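Structure assessment
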Amino acid sequence: MNAFQQFFFDLSEEHPRWNFIFFYDPVQTERVLSGLWMTIQLSVVCVILSVLIGLVGAWLQGAHSRLVRAVVQGYIQFFRNTPPLIQLLFFYFALGQFTPTYSPDGWLEVPIISNVGWAIISLSFFAGAFNVEIFRAGIEAVPESTREAAESLGMNRLQAFIYVVFPLAFRVSLPALNNNLVNLVKTTTQALAIAVPELLYQMVSIYNDYSTAQNACMVVLFVVYIGLVGILVTGMNAWERAARVPGYGQ
Amino acid sequence: MPANSWTPDQPIVAIHDLHKSFGALEVLKGVSLEVMKGEVICIIGPSGSGKSTLIRCINALNPVDSGSILVEGQEVNDPAVDKLALRKKVGMVFQQYNLFPHKTALQNVMMAPLKVLKQPRGEVEKRARALLTRVNLEGKEDSYPGELSGGQQQRVAIARSLAMNPDVMLFDEVTAALDPETVKEVLVAIKDLAQSGMTCILVTHEMGFAREVADHIYFTDRGVIVEHGPPATFFTESSDPRTREFLSQIL
């Protein structure tokens with residue numbers, strides 16, 4: 001045991017309510033690190049997918065087809081107006097029954113979409129619904145006349161969107177997007193409900209096994225999420241600054 | 001009429017009996033006019049008389065209800081019209097410049113040739129720099145629209161439109177949003193263009209300018225062309241009382 005581990009071991013002996021067991025027991029350290037890694041993976045994948053969903057949704061909302069617009073609107077209403085925890089449970093337990101299975105060893109039947117897969121799908125669509133609305137607000141902030149200028153230069157709808165409308169809309173959308181992605185990172189903890197071994201799941205397991213570790217686990221959870229969200233916000237703010245155009249907005 | 005039957009001795013833009021309504025409001029009530037290649041025409045008239053709507057119809061920014069618009073023999077009032085082909089031929093400059101605020105002056109001019117015409121970058125940049133020089137904006141290539149004055153922005157907009165090598169240029173009240181002292185620099189750029197042989201259709205309130213550059217002046221009021229003629233006679237010998245009243249207020 002090194003000095004760091006010794007310190008927390010001694011602390012737990014003197015103050016049993018503050019048992020930072022994962023700082024001196026390598027098995028528990030491993031659980032925390034694997035949980036943290038799962039949380040990071042879940043967050044990064046969901047952030048990227050939800051932004052893509054937001055982009056495609058915002059693009060489809062401007063479609064000529066009334067049916068397409070209605071489908072996008074229905075999607076937004078469903079995912080925005082129902083709790084993400086219920087969505088997770090629904091995807092995993094309800095939809096999960098209908099997905100095909102495969103058998104890796106000839107005995108066990110394993111569904112092709114794992115609980116991690118469902119968590120990614122569910123959380124991405126949840127945050128994506130908000131992202132569609134965020135991007136739509138940004139797109140509406142781009143003057144119709146700017147779009148007309150692009151069209152009068154021969155651009156089609158997609159070209160005008162990619163080269164003119166979206167780059168401007170995105171700058172307007174960044175602060176709201178920032179907020180929603182912060183919420184998404186925090187909502188990944190709800191994947192606990194379908195036993196995704198992310199950080200909260202691991203921490204709860206640890207203090208179920210070692211009840212004296214409860215307070216320590218909570219403290220570390222807060223600190224880790226402050227750190228993770230801090231990194232995200234710092235990145236988004238840097239992006240916002242880099243995208244600033246002299247003499248435009250602000 | 002098939003598109004390829006057009007020859008330069010026919011009108012480059014021929015509008016016949018054009019009707020256009022916005023809801024219950026009929027803005028154009030049967031407008032006809034013809035523009036020959038190399039001609040400069042000015043459309044004048046009181047606000048709300050349909051001038052802007054008319055020229056926006058020419059490059060299909062506004063769909064029309066009935067009537068015909070032929071640009072180089074090609075019908076614009078046709079759902080199957082090739083808008084890209086049309087807009088390569090017809091450039092447009094707007095009252096509010098409508099530059100792309102996230103791009104520099106040079107990038108604004110280069111965007112359409114690069115992305116729409118897929119021309120090689122080196123060639124496009126060379127031409128874009130030459131166009132900016134032509135509208136007297138040397139040294140402003142790397143400025144963003146937000147860093148330029150209204151007159152400078154409008155000249156970038158003219159260069160941006162010219163970068164597509166159009167055959168016809170439409171100007172929709174391009175000096176109406178400018179400070180009086182910058183109006184002149186924009187008019188100089190347009191005059192230079194007109195004298196180089198570019199076909200220009202201008203909606204304008206600058207009567208002195210219209211008189212100076214136009215080959216033909218059209219006066220519109222309440223959705224119809226009240227009268228038209230070459231500037232030499234139009235300003236002095238107009239016969240319709242509506243024209244005379246308008247001119248007396250503005251001159």
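What comes next concerns the included structure. (Residues numbered from 1 in each chain as written. Chains lettered and ligands numbered in written order. Predicted model: local features only at pLDDT ≥ 70, side-chain atom pairs only at ≥ 80, totals over all residues.)

This paragraph deals with the overall build of chain A. Summing up its helical and strand segments, chain A has nine helices and two strands in all. Secondary structure elements of chain A occur, N-terminal to C-terminal, as α-α-α-α-β-β-α-α-α-α-α. On C-alpha atoms alone, chain A measures out to a radius of gyration of 23 Å, which is more than a quarter above the 18 Å that the 2.2 N^0.38 rule sets for 250 residues. Split into buried and exposed, the 250 residues of chain A put 35% on the buried side. Sequence-distant contacts in chain A: of pairs separated by 6 or more residues, those separated by 24 or more amount to 69%. (Helix = DSSP H or I, 4+ residues; strand = E, 2+ residues; numbered from the N terminus. Rg over C-alpha atoms; globule rule 2.2 N^0.38 Å. Buried ≥ 20, exposed ≤ 12 C-beta atoms within 10 Å, placed from the backbone. Contact = placed C-beta atoms within 7 Å.)

The subject of this paragraph is helix α7 (residues 157-187) of chain A. Relative to the 45 Å expected for 31 residues at 1.5 Å per residue, α7 of chain A spans just 35 Å between its end C-alpha atoms, considerably shorter than the ideal helical length. The largest bend in α7 of chain A is about 50°, located at Leu174 of chain A, with the proline Pro175 of chain A one to four residues further on. (Expected span 1.5 Å × (residues − 1). Bend = angle between axes of the 7 residues up to and from the residue.)

Residues and elements named next belong to chain A. Across the interface, helix α8 (residues 199-209) lies against helix α9 (residues 214-242) with an axial gap of 9 Å and an inter-helix angle of 165°. Judged on the interaxial angle alone, α9 and α8 are roughly antiparallel. For the element pair α8 and α9, the recorded crossing hand is right-handed. For the pair formed by α8 and α9, the contact residues are Leu199, Leu200, Met203, Ile206 and Tyr207 on the first element and Gln214, Cys217, Leu221 and Val224 on the second. The residue makeup of the contact of α8 with α9, split by class, is eight nonpolar, one polar and no charged. (Axes fitted to C-alpha atoms, helices over the stretch in contact; angles between N-to-C directions. Parallel < 35°, antiparallel > 145°, perpendicular 65-115°, else oblique. Left-handed = near helix turned anticlockwise from the far one by under 90°. Nonpolar A, V, L, I, M, F, W, Y, C, P; charged D, E, K, R; others polar.)

Attention now goes to the packing of helix α5 (residues 115-140) of chain A against α7 of chain A. Each pair of packed helices can be summarised by the angle the axes make with each other and by the distance between the axes. All names here are of chain A. One way to put it is that α5 packs onto α7 with a least axis distance of 8 Å and a crossing angle of 150°. When the axis of α5 is compared with that of α7, the two are roughly antiparallel. Relative to α7, α5 is oriented so that their crossing is right-handed. In this structure, α5 uses Leu123, Ala127, Phe130, Asn131, Ile134, Phe135, Ala137, Gly138 and Ile139 to contact α7, whose residues at the interface are Val165, Ala169, Phe170, Val172, Ser173, Ala176, Leu177, Asn180, Leu184 and Thr187. Class assignment for the residues of the contact of α5 with α7 results in 14 nonpolar, five polar and no charged.

Below, the discussion takes up the sheet that holds strand β9 (residues 216-221) of chain B. Strand pairing within a sheet occurs via backbone hydrogen bonds; the two strands may be parallel or antiparallel. All names here are of chain B. The strand order β6-β7-β8-β3-β9-β10 describes an open sheet built from six strands, whose pairing is mixed. Across the chains shown, the open sheet's two edge strands, defined by having one partner strand only, are β6 (90-93) and β10 (224-229). Within the sheet, the average angular offset between the axes of one strand and its neighbour, ignoring direction, is 20°. Both strand β3 (residues 40-44) and β9 contribute to a ladder of four bridges, which runs parallel. (Pairing = 2+ DSSP bridges.)

What follows deals with the nonpolar core. Of all hydrophobic cores here, the largest spans 136 residues; its most connected members are Ile58, Val109 and Ile201 of chain B. Apart from the residues lying within four places of it in its own chain, the contact partners of Ile201 of chain B are Val13, Val35, Ile41, Ile55, Ile58, Val168 and Leu170 of chain B. (Core = buried A, V, L, I, M, F, W, Y, C linked by C-beta atoms within 7 Å.)

This brings us to the environment of Glu75 of chain B. With respect to the helices and strands, the residue Glu75 of chain B is situated in strand β5 (residues 74-75). In this structure Glu75 of chain B touches Ser68, Leu70 and Val81 of chain B, once residues within four positions along its chain are discounted.

Here the focus is the interface of chain A and chain B. Interface size is commonly expressed as the accessible area that is lost once the parts come together. The interface of chain A with chain B comprises 18 residues on the first partner and 21 residues on the second. Those elements that provide at least two residues to the side of chain A that touches chain B are α6 (144-152) and α7 of chain A. Looking at the side of chain A that touches chain B, the element that brings in the most residues is α6 of chain A, giving six residues. Among the residues making up the side of chain A that touches chain B, the classes are represented as ten nonpolar, six polar and two charged.

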